[in-house]
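An overview of the molecular structure
This is what each chain is made of:
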Amino acid sequence: MTNDITLYTHPQSRGGIIRWMLEELEVPYQVIVLQYGEAMKTPEYLSLNPMGKVPTLVHNQRVITEAAAICIYLAEVFSDAGLAPQNDIERAKYYRWMFFSAGPVESAVVNKYIFGEQAGIDKQQMLDYGNYQLALDTLSGAVTSSPYITGERFTAADVYIGSQLWWGLKFGTIEKREEYQKYVERLSERKAFKKAQLLDDALNIEMSET
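Residues numbered from 1 in each chain as written. Predicted model: local features only at pLDDT ≥ 70, side-chain atom pairs only at ≥ 80, totals over all residues. Heavy atoms only, no water.

**Some details on the nonpolar core**
Counting 55 residues, the largest nonpolar core has Ile 18 and Leu 74 as the members making the most contacts within it. Counting only elements with at least two residues in this core, the list comes to β1 (5–9), α1 (15–25), α3 (67–77), α4 (88–115), α6 (132–144), α7 (156–171), α8 (178–187) and α9 (191–208). Look past the residues within four positions of Ile 18 in its chain and what remains in contact with it is Leu 7, Pro 55, Leu 57, Ala 67, Ile 70, Cys 71 and Leu 74. Leu 34, Tyr 45, Val 54 and Val 58 belong to the second-largest nonpolar core, a separate cluster that totals 6 residues. (Core = buried A, V, L, I, M, F, W, Y, C linked by side-chain atoms within 4.5 Å. Buried < 20%, exposed > 50% of the residue type's maximum accessible area, 1.4 Å probe, protein only. Helix = DSSP H or I, 4+ residues; strand = E, 2+ residues; numbered from the N terminus. Contact = heavy atoms within 4.5 Å.)

Next comes the structure, spelled out in structure tokens:
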């Protein structure tokens, strides 16, 4: 089977999550960089991603959007890399924490960053994350119960959640908890993480010079 993979991204976006994932898989792929604004709103790109956002992955003419979904898809399609869960115990943790991070944690962090104040107690039951502190406290449990999200093995869940925490710690949208920092430090030593960072840093420099 041929593997024609194209990643539509921007070096300062969630596309970095997929860059890291692809480097972990060690599969060839091409990158199309889109500037924010009109480049992401062309009819051609909107036919792939109607949201006009990145990342978007096209694999053998199949289109996948949403960073968590792309990570799950790639882990399953390229299963020989061992980044998908391998038993039901891993699978339960994998899906639980992947979707918790893509849903409640993402919402809690973004809403706090944009709006600052949290909803009143009477409204928190309507929010998937309840409140910011509750979401982070819950995530703390996921990164301290074992070396990796599913246990002793690194999986695509660590790519996604590790990226989310790395970005949040770097830009101050997630509070600097010791357990987060230790988890991110452990992941950032991975060869694929370092390579992905170098590639996106080079793109940033290239784009700043044009």
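**Describing a nonpolar patch on the surface**
Together, Val 110, Tyr 113, Ile 114 and Phe 115 make up an exposed nonpolar region whose accessible area comes to about 470 Å². Tracing the sequence through the fold places Ile 114 in helix α4. Its relative accessible area of 54% is what places Ile 114 among the exposed residues. (Patch = residues over 30% accessible without salt bridge, like charges linked within 9 Å, V, L, I, M, F, W, Y side chains within 5 Å. Areas by Shrake-Rupley, 256 points an atom, 1.4 Å probe, with all protein chains shown as cover. Salt bridge = Lys/Arg side-chain N within 4 Å of Asp/Glu carboxyl O.)

**Details of the packing of aromatic side chains**
According to the stated counting rule, one finds 10 aromatic pairs in the structure shown. Aromatic pair Trp 20 and Phe 193: ring centres 5.0 Å apart, planes at 80 degrees, arrangement edge-to-face. With a gap of 173 residues between them, Trp 20 in helix α1 and Phe 193 in helix α9 connect regions that are remote in the sequence. Taking the relative accessible area as the measure of exposure, Phe 193 reaches 9% and is therefore buried. Ring geometry for Tyr 95 and Phe 99: centres 6.2 Å apart, planes at 20 degrees, overall stacked. Placement of both Tyr 95 and Phe 99 in helix α4 is noted, with a separation of 4 residues, approximately one turn of the helix. Residue classification places Tyr 95 among the partly exposed positions, given a relative accessible area of 29%. Taken together, Trp 20, Tyr 148, Phe 154, Trp 166, Trp 167, Phe 171 and Phe 193 form an aromatic cluster joined through their ring pairs. Sitting over the ring of Tyr 132, Lys 112 keeps its end group 4.9 Å from the ring centre. (Phe/Tyr/Trp six-rings, centres within 6.5 Å; stacked < 30°, edge-to-face > 60°. Lys NZ or Arg CZ within 6 Å of the ring centre and 35° of its normal.)

**Here's the deal with the packing of α3 against α4**
Packing of α3 against α4 brings their axes to within 10 Å, and their N-to-C directions diverge by 155 degrees. Considered as vectors, α3 and α4 are oriented roughly antiparallel to each other. Contacts between α3 and α4 involve Ala 68, Cys 71, Ile 72, Ala 75 and Glu 76 from the former and Tyr 94, Tyr 95, Met 98, Phe 99 and Ala 102 from the latter. Residues belonging to the contact of α3 with α4 are distributed by class as follows: 9 nonpolar, no polar and 1 charged. (Axes fitted to C-alpha atoms, helices over the stretch in contact; angles between N-to-C directions. Parallel < 35°, antiparallel > 145°, perpendicular 65-115°, else oblique. Nonpolar A, V, L, I, M, F, W, Y, C, P; charged D, E, K, R; others polar.)

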